[in-house]
Amino acid sequence: MLIVIPLIIADAIYWPAFVIATAAAIVASQATISATYSIIKQALALGCFPRVKIVHTSKKFLGQIYIPDINWVLMILCIAVTAGFKNQSQIGNAYGELFLLNSLASSDAK
């Protein structure tokens, strides 16, 4: 499979851009996991979610949790989304459409 580097990213800045993009993806994935765990923990506290196993990973820091079942669900959803899109332009189009819908839904325009 031949990988084509866009003309926008010159050869000199390809690797720094690649490292920054990879770091951004790692941060975004950790934020998604943390937010999901937090939402599930709050929903459990309110009785709005079925009981799942919560593992407290630290005795020293409150709120450090791991939920194995949710972790599996997130993994399966990531694989399904990755397999569902055939190429990068479809992923970009879906992101743009969802961003537009989010902007419309959260705007204060009356």
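Residues numbered from 1 in each chain as written. Predicted model: local features only at pLDDT ≥ 70, side-chain atom pairs only at ≥ 80, totals over all residues. Heavy atoms only, no water.

Undergrad: How should I be thinking about helix H1 (residues 14–46) in this particular structure?
TA: The α-helix winds at 3.6 residues per turn, so residues separated by three or four positions along the chain end up facing the same way. Look at H1: 48 Å from first C-alpha to last across 33 residues, which is about the 48 Å you get at 1.5 Å a residue. Taken together, the buried positions of H1 are occupied by Tyr 37, Ile 40 and Ala 43. On its buried face, H1 sits against strand S2 (65–66) and helix H2 (68–84). (Helix = DSSP H or I, 4+ residues; strand = E, 2+ residues; numbered from the N terminus. Expected span 1.5 Å × (residues − 1). Buried < 20%, exposed > 50% of the residue type's maximum accessible area, 1.4 Å probe, protein only. Contact = heavy atoms within 4.5 Å.)

Undergrad: Any chance you could explain the packing of aromatic side chains here in plain terms?
TA: Taken as a whole, this structure holds five aromatic pairs when the rule is applied. Ring centres of Tyr 14 and Trp 15 lie 5.0 Å apart, and the angle between their planes is 80°; this geometry places the pair in the edge-to-face category. Here a set of aromatic residues connected by ring pairs shows up, and it is made of Tyr 14, Trp 15 and Phe 18. (Phe/Tyr/Trp six-rings, centres within 6.5 Å; stacked < 30°, edge-to-face > 60°.)

Undergrad: Mind showing me how you'd approach a nonpolar patch on the surface here?
TA: On the surface, a nonpolar cluster with roughly 440 Å² of combined accessible area is contributed by Trp 72, Met 75, Ile 76 and Ile 79. Within the secondary structure layout, Ile 79 lies in helix H2. Overall, the relative accessible area of 53% leaves Ile 79 in the exposed class. (Patch = residues over 30% accessible without salt bridge, like charges linked within 9 Å, V, L, I, M, F, W, Y side chains within 5 Å. Areas by Shrake-Rupley, 256 points an atom, 1.4 Å probe, with all protein chains shown as cover. Salt bridge = Lys/Arg side-chain N within 4 Å of Asp/Glu carboxyl O.)

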